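# Report on the structure
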Amino acid sequence: MSDRLSVLKTYKLYVGGKFPRSESGRVYEVTDAKGKWLANAPLPSRKDARDAVVAARKAFGGWSGATAYNRGQILYRVAEMLEGRREQFAAEVADAEGLSKAKAAAQVDAAIDRWVWYAGWSDKVAQIAGAANPVAGPYFNLSSPEPTGVVAVLAPQKSSFLGLVSVIAPAIVTGNTVVVVTSEKSPLPALSLGEVLATSDLPGGVVNVLSGRVNELGGPLAAHQDVNAIDLAGAADDAELVKALETAAADNLKRVLRPRATDWTADPGTERMLAFLETKTVWHPMGV
């Protein structure tokens, strides 16, 4: 029998590269699949959501202006850091989703591989999303993709880590910044990811992590005038909430990625990267 006291952990938010407590000071208990207490997670307020949007907007200029090669390097560095903490994340995913150690480890391995996969796309996505357009006249007509801006992401509720990575990585690799609301029941892998991002060369504010209730935070983010797009993956099981968030998002013409049944272990494809890109078209006269 050990005579050490248990070191009980209260997690914090990850906003602007820092780890603040919830503005309200609220927390909620997180339990494993069998109901055993694991830790306390912060329960953020609307003000925390607004602060996260401010941090994301502040980071957007530098991140979107970075070279695609540099963004790819940073995403690869995230994968390196996760590889070093693989056992921790496997244990957290096993507790969160009630999986065996082997299945949880497979989920973590797939998430690490997904960071690497998206890192490789950083300097290639423009080649499939851009074009040299044929026009009738002595002009070059070139279309190139640019990031949408600040993206609010409601992370999948049932895939606490692989699903989370699958919605964050494609948004940031193309130059967007994100405010992500974690799985409400299983936020710990996402909050631990914040600790990894803080030491992975990712500029503060590029990813901001809020645990808490989707129906409490989704509305303020959907209605926020400085949020340019929203991914509703985490609201897939609540049709009324989806409708309310789509209505709120329409006020400033946000891009909305609607939820649907998704197998997060499948090949992700390029859809989520392309969903949060705008196309800029430039006309330039040909020299004669």
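Let me sum up the structure you'll find in this document. (Residues numbered from 1 in each chain as written. Predicted model: local features only at pLDDT ≥ 70, side-chain atom pairs only at ≥ 80, totals over all residues. Heavy atoms only, no water.)

### A short note on a nonpolar patch on the surface
Side chains of F140, L142 and M286 sit close together on the surface and give an oily, nonpolar patch of about 280 Å² of accessible area. Within the fold, M286 resides in the segment after β10 (277–285). (Patch = residues over 30% accessible without salt bridge, like charges linked within 9 Å, V, L, I, M, F, W, Y side chains within 5 Å. Areas by Shrake-Rupley, 256 points an atom, 1.4 Å probe, with all protein chains shown as cover. Salt bridge = Lys/Arg side-chain N within 4 Å of Asp/Glu carboxyl O. Helix = DSSP H or I, 4+ residues; strand = E, 2+ residues; numbered from the N terminus.)

### A look at the sheet that holds strand β7 (residues 207–210)
Judged by pairing direction, the sheet is parallel, and its 5 strands sit side by side in the order β7-β6-β5-β8-β9 without closing on themselves. In this open sheet, the two strands that pair with only one neighbour each are β7 and β9 (255–257). Going from strand to strand, the sheet's axes swing by 15° on average, the running direction of each strand aside. Judged from the 3 bridges that link them, strand β5 (residues 150–154) and strand β8 (residues 229–231) form a sheet pairing that is parallel. (Pairing = 2+ DSSP bridges. Axes fitted to C-alpha atoms, helices over the stretch in contact; angles between N-to-C directions.)

### Some thoughts on the sheet that holds β10
A sheet is described by the order of its strands in space; here 3 strands give the open sequence β3-β4-β10, paired in antiparallel fashion. The open sheet has two free edges, formed respectively by β3 (131–132) and β10, since each of these has just one partner strand. When strand β4 (residues 139–147) meets β10, the two strands line up antiparallel, connected through 9 bridges. Of the residues in β10, the one forming a bridge with Y139 is P285.

### Digging into the nonpolar core
If you look at the biggest cluster of nonpolar residues, it comprises 61 residues, and the most contacted ones within it are L82, W115, F161, I168, I172, L193 and V207. Apart from the residues within four sequence positions on either side, W115 is in contact with L75, V78, A79, L82, V165, I168, A169, I172, L193 and L197. With 25 residues, the next largest nonpolar core counts V53, V227, I230 and A235 among its residues. (Core = buried A, V, L, I, M, F, W, Y, C linked by side-chain atoms within 4.5 Å. Buried < 20%, exposed > 50% of the residue type's maximum accessible area, 1.4 Å probe, protein only. Contact = heavy atoms within 4.5 Å.)

### Details of the packing of aromatic side chains
Overall, the coordinates contain 5 aromatic pairs when judged by the stated rule. Between W117 and Y118, the aromatic rings sit 5.0 Å apart at their centres with planes inclined by 85°, giving edge-to-face as the arrangement. A relative accessible area of 0% places Y118 in the buried class. We classify W117 as partly exposed; its relative accessible area is 31%. (Phe/Tyr/Trp six-rings, centres within 6.5 Å; stacked < 30°, edge-to-face > 60°.)

### Some remarks on the environment of L191
Residue placement: L191 occurs in helix α7 (residues 188–197). The class of L191 is buried, set by a relative accessible area of 3%. When neighbours within four sequence positions are excluded, L191 is seen to be in contact with Y11, K12, A41, P42, V209 and S211.

### Notes on helix α3 (residues 86–97)
Note: α-helices contain 3.6 residues per turn, so residues at a spacing of three or four share the same orientation. Taking 1.5 Å of rise per residue, the 12 residues of α3 would be expected to cover 16 Å, and the 16 Å separating its terminal C-alpha atoms lies within 8% of that figure. Listing the buried residues of α3 in full gives F89, A90, E92, V93, A94 and A96. Buried-residue contacts for α3 involve α2 (68–84), α4 (101–121) and α7. A positive phi of about 65° marks G98, the residue just after α3. (Expected span 1.5 Å × (residues − 1).)

Fair warning: the whole summary comes from geometry, so function is off the table for now.
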